[in-house]
Amino acid sequence: MDKVKIGTCWLDGCSGCHMSLLDMDEAIVAVLGKADIVFGPLVDAQEWPEGVDVAVIEGAISSQDDLELAQTARARSKIVVALGDCAVTGNVPSMRNGIPTAKLIERVYVEGATADPQVPTDGVPALLKQAGPLQSAIKVDIHVPGCPPKPEGILFVLGELLEGRVPDLGSKLRFG
Ligand code: SF4
């Protein structure tokens, strides 16, 4: 039987949700018995591949790069999982939404600089006006709240998906 193909990525997040994913400890061995991770921070792949079964996405959509990666993952994946409060609600990244983008960048890179104040432009993805949850830009099939979500909650979700079931999250997960 073919293994399930899982892709993961983090957009505007702190990587804490991916750390929680790894905190499944030895249970990840059982997951990898049934699934291949074909894209993500631990995989040497440059581009989100075609034919992914489950996309697990951490972080809010804050930049043009975030938006394009989320759209590519959506187009090339059967199921999209929003992993963690930043992906589910916007959470920490959306705290900037009350401040105009230009003012925010000026404050951080010029007014707040202690040396060589300048706004970086080379190779820096353009910020969107607002940071938003994943579902503000693409269709999301499963929301997994938590900051970060508990490893056992992530394991439950992946375990159900690997068995071909839609996970009933019920009281297993919570925000924050
Ligand atoms: S939900 Fe929490 S742990 Fe996950 S990326 Fe956001 S701030 Fe980090």
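Note that this is a predicted model, so its numbers are computed, not measured. (Residues numbered from 1 in each chain as written. Predicted model: local features only at pLDDT ≥ 70, side-chain atom pairs only at ≥ 80, totals over all residues. Heavy atoms only, no water.)

**Student:** Would you explain the site of the ligand in this entry?
**Tutor:** All residues in the neighbourhood of the ligand are listed as Gly13, Cys14, Gly16, Cys17, Glu58, Gly84, Asp85, Cys86, Asn91, Gly146, Cys147 and Pro148. Per-class residue counts for the shell around the ligand are 5 nonpolar, 5 polar and 2 charged. (Near = heavy atom within 4 Å. Nonpolar A, V, L, I, M, F, W, Y, C, P; charged D, E, K, R; others polar.)

**Student:** Could you clarify how one ought to interpret the nonpolar core in this entry?
**Tutor:** Across soluble globular proteins, nonpolar side chains have a tendency to be buried as a group. Counting residues in each nonpolar core, the largest one holds 20 residues, and the members touching the most others are Ile6, Met24, Val54, Val56, Val81 and Leu158. It is helix α6 (residues 151–162) that contributes the most residues to this core, 5 residues altogether. When sequence neighbours within four positions are dropped, the list of residues in contact with valine 54 reads Val4, Lys5, Ile6, Gly7, Ile79, Val81 and Leu161. If you look at the next biggest cluster of nonpolar residues, it comprises 18 residues, including Leu67, Ala73, Ala87 and Leu134. (Core = buried A, V, L, I, M, F, W, Y, C linked by side-chain atoms within 4.5 Å. Buried < 20%, exposed > 50% of the residue type's maximum accessible area, 1.4 Å probe, protein only. Helix = DSSP H or I, 4+ residues; strand = E, 2+ residues; numbered from the N terminus. Contact = heavy atoms within 4.5 Å.)

**Student:** Can you walk me through the layout of surface pockets in this structure?
**Tutor:** Rolled over the atoms, a probe with the dimensions of a water molecule shows which regions are left empty. Looking at the largest pocket, its volume works out to about 300 Å³. Around the largest pocket sit Arg96, Leu104, Ile105, Val108, Tyr109, Val119, Pro120, Thr121, Val124, Pro125, Ala126 and Leu127, which together line it. Counted by class, the lining of the largest pocket contains 10 nonpolar, 1 polar and 1 charged residues. (1 Å grid on protein atoms, 1.4 Å probe; cavity = no way out; pocket = protein on both sides within 12 Å on 5 of 7 lines; lining within 4 Å. Points joined across faces, edges and corners; volume = space filled by probe spheres on them.)

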